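Listed here are the chains, written in short residue letters.
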Amino acid sequence: MMKKAKRVFTAEEVAKHNTENDAWLIVEGKVFDVTNFLREHPGGKRILLKEAGKDATEKFRSFHAPSVLTNYEDELCIGKVGSSADMEKYRKKQEKKAFVEAMGGFGGLVPYGDPSWYQGFHSPFYNDSHKALRKGIRKFVEKEIMPFVHEWDEQKKFPFELFQKCADAGFLGCVVGAPWRSEYCGSNILGGVLPSEYDVFHTMIIIDEVSRCGSGGICWGIFGGLSIGLPPVLHFASDELRERIVPPCLTGKKVICLAITEPYAGSDVANLQTKGELTADGKHYIVNGEKKWITNGVFADVRSAPRAPHVLTRGFVAFIVHGG
């Protein structure tokens, strides 16, 4: 089906449509008729009515990712601002942004709002592979995360499928840092980065870009539990145990958590009260104790749970506990 042709309006024309029964506004040089959207707006209709008839670009950027505009453009956009002072101002801003990006800049270009190398400043630590990853992860976040942040925060959870999406996109493996663990999660890395190229700066870019969603809960939910639960298995478990646990976690099929914190000891590992006692037949361990405030603990498939250390030994024993 052919798209309906968009009209060109002056800012003066848009300004006439400023009531609840006839509300237009300008965002990024485009004209949106939000009359029928007022009651559906998650932030309520008042915030839209305050901007009705005006250029709401700056206010929009303060609250929304660019992907939100894309999601609603086909439904609400009726045209663009044409030959007016507003359009000229917008055109110059776009030209300036394009120039800065051509010089190596990226993103919003807000001074001190992004890492300095985003602004086009030289850094010896970033090369073309980092730029490709940065572009890819921003696109993923703006499509798969930002439009749903408010909903997920209100629900206090995000869909488990998000782990799978992160893995399929090629960046969930970052939770165990560099080097990239191809033997457990394959060699597909977002942006076409080669496993041999992957370093700590790629990991930092992924965390920076996902953090732009503005939700600490979502960031910690994706990265936190895996990044502290998997390393003990990677570094200290047997080969058989690593092969059984690590691949499903790095490919988004299962989630692991590190169950240290207890009501009486906090995260003081030396004072943990949880015990693992061998049964009389010597075949099993019975683990008894309490754990609390465990990142990803409420939905993890696998838990690495340290037990109380023996008074005459250094370190402790950790059990792998499966189940819901």
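Residues numbered from 1 in each chain as written. Predicted model: local features only at pLDDT ≥ 70, side-chain atom pairs only at ≥ 80, totals over all residues. Heavy atoms only, no water.

To continue, consider the overall build of the protein. Scanning the protein from N- to C-terminus turns up 12 helices and 10 strands. Out of the 324 residues in the protein, the part that is buried amounts to 42%. A separation threshold of at least 6 residues defines the contact pool for the protein, and within that pool the share at least 24 residues apart is 60%. (Helix = DSSP H or I, 4+ residues; strand = E, 2+ residues; numbered from the N terminus. Buried < 20%, exposed > 50% of the residue type's maximum accessible area, 1.4 Å probe, protein only. Contact = heavy atoms within 4.5 Å.)

Counted by the stated rule, this structure contains 14 aromatic pairs. Pairing Phe125 with Phe201 gives two aromatic rings, centres 5.0 Å apart and planes at 20°, and the pair type is stacked. Of this pair, Phe125 sits in the loop between helix 5 (85-102) and helix 6 (128-144) while Phe201 sits in helix 10 (residues 200-211), and the two are 76 residues apart along the sequence. Three or more aromatic residues link up through ring pairs in this structure, and these residues are Phe148, Trp152, Phe158, Phe160, Phe163 and Phe299. Stacked on the ring of Tyr118, the Lys or Arg Arg134 has its end atom at 4.7 Å from the ring centre. (Phe/Tyr/Trp six-rings, centres within 6.5 Å; stacked < 30°, edge-to-face > 60°. Lys NZ or Arg CZ within 6 Å of the ring centre and 35° of its normal.)

Right, let's get into the side chain of Thr57. Considering the arrangement of structural elements, one finds Thr57 in helix 3 (residues 57-63). For Thr57, a relative accessible area of 5% translates into the label buried. Leave out the neighbours within four places in its chain, and Thr57 touches Ile26, Val27, Glu28 and Gly29.

Turning next to the nonpolar core. If you look at the biggest cluster of nonpolar residues, it comprises 56 residues, and the most contacted ones within it are Ile145, Phe171, Ile206, Val210, Ile222 and Leu230. Taken together, the elements giving at least two residues each to this core come down to helix 6, helix 7 (149-155), helix 8 (161-169), helix 9 (182-185), helix 10, helix 11 (216-236), helix 12 (239-250) and strand 6 (256-258). Here this core gets eight residues from one element, more than from any other, and that element is helix 11. When residues no more than four places from it in sequence are discounted, the contact partners of Leu230 are Val176, Ile245, Val246, Cys249, Leu250 and Ile256. With 15 residues, the next largest nonpolar core counts Val34, Phe37, Leu38 and Leu76 among its residues. (Core = buried A, V, L, I, M, F, W, Y, C linked by side-chain atoms within 4.5 Å.)

Judged by pairing direction, the sheet is mixed, and its five strands sit side by side in the order 1-5-4-3-2 without closing on themselves. Each end of this open sheet is capped by a strand with a single partner; those strands are strand 1 (7-9) and strand 2 (18-19). As paired strands, strand 3 (residues 22-27) and strand 4 (residues 30-33) are joined by four bridges and run antiparallel to one another. Within strand 4, the residue paired with Val27 across the bridge is Lys30. Sitting on the sheet, helix 4 (residues 66-76) touches strand 3, strand 4 and strand 5 (77-81), and the angle it makes with strand 4 is about 65°. (Pairing = 2+ DSSP bridges. Axes fitted to C-alpha atoms, helices over the stretch in contact; angles between N-to-C directions.)

A few words on the environment of Trp293. Assignment of secondary structure puts Trp293 in the loop between strand 8 (285-288) and strand 9 (302-306). In this structure Trp293 comes out as exposed when scored by relative accessible area, which is 59%. Among all residues touching Trp293, those that are not within four sequence positions of it are Thr261, Glu262 and Pro263.

It is worth spelling out the pattern of salt bridges at this point. By the definition in use, this model includes 12 salt bridges. The partner of Lys165 in a salt bridge is Glu144, with the nearest N and O atoms 3.0 Å apart. Pair noted here: Lys165 is in helix 8 and Glu144 is in helix 6, with a separation of 21 residues, a long-range link. We classify Lys165 as partly exposed; its relative accessible area is 40%. The class for Glu144 is buried, based on a relative accessible area of 17%. Here the residues in one salt-bridge network are Arg138, Glu142, Glu209 and Arg212, joined through shared partners. (Salt bridge = Lys/Arg side-chain N within 4 Å of Asp/Glu carboxyl O.)

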